[in-house]
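Letter by letter, the chains look like this.
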Amino acid sequence: MPINVDDVMQLFCHLSQEKGMKAAVKHSGRGALLAGATAFLGGLVGGPPGIAVGGAFGGLLGAWMTTGQFRPVPQILLELPPAEQQKLYDEAIVILRRLDWTDVAQLTALVMGNAGLQQKLTAVLINYLSKELRAEIQYGE
């Protein structure tokens, strides 16, 4: 049976929920923009010392903004745009294509019953979250 993207996303949601995975997606671009903007404004208002003060304040504010809130991984996966889901699917299908199954429930049971498959798929998911989304991952409830 051909594996579709939605089935793989459901599988990853179940797997990450079982592992208690949460992730915080960092928004470093926004933090850098804020730091630069406050340094600029500080320079306009206070000259060279204003640049230093504005940059320091903006850096702290930017760092605070980029510490993301941890959200359940299934929620993050379901909010991904189709192109990003396809990227994750393409990596997972290499592992899943040899399995024989009829529906997503059976696919999930096959994976959850095999520690090796769980480990490989979890590694794919962690790699995707940390490299593509630059997310920090946390385990447990």
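Residues numbered from 1 in each chain as written. Predicted model: local features only at pLDDT ≥ 70, side-chain atom pairs only at ≥ 80, totals over all residues. Heavy atoms only, no water.

Focus on the sheet that holds strand β1 (residues 22-25)
The line we're drawing: A strand pair is defined by DSSP finding two or more bridges across the two strands. Numbered from the N terminus, helices here are DSSP runs of H or I no shorter than four residues, and strands are runs of E no shorter than two.
Overall, antiparallel pairing links the three strands, which are arranged β2-β1-β3 in an open sheet. Bordering the open sheet on either side are β2 (71-72) and β3 (135-138), each of which pairs with just one other strand. Of the strand pairs in this sheet, β1 and β2 are connected by two bridges, and their pairing is antiparallel. When the sheet's bridge partners are listed, A23 is paired in β2 with R71.

A few points about the nonpolar core
Side chains of a nonpolar character, in soluble globular proteins, are inclined to be buried together. Worth spelling out the cut-off: We call a set of buried Ala, Val, Leu, Ile, Met, Phe, Trp, Tyr and Cys residues a nonpolar core when their side-chain atoms join them within 4.5 Å. Only protein chains enter the calculation, and the probe is 1.4 Å; a residue is then buried if its accessible area is under 20% of its type maximum, exposed if over 50%, and partly exposed in between.
Grouped together as the largest cluster of nonpolar side chains are 31 residues, with contacts concentrated most on F12, L96 and L121. Broken down by secondary-structure element, the contributors of at least two residues to this core are α1 (5-19), α3 (73-79), α4 (82-96), α5 (104-112) and α6 (115-131). For this core, the element with the most residues is α1, which contributes seven residues.

A look at the side chain of T38
Quick note on the threshold: Pairs of N or O atoms within 3.5 Å make up the polar contacts considered here, provided that, within protein, one atom can donate a hydrogen while the other can accept it, and that residues adjacent in sequence are counted only when both atoms are side-chain atoms. Contacts between residues were defined by any pair of non-hydrogen atoms, one from each residue, lying within 4.5 Å.
Within the secondary structure, T38 sits in helix α2 (residues 28-66). We classify T38 as buried; its relative accessible area is 16%. Engagement of the side chain of T38 in a polar contact is seen with the backbone oxygen of G54, the distance being 2.8 Å. With sequence-adjacent residues up to four places away left out, T38 is seen in contact with G54, G55, F57 and G58.

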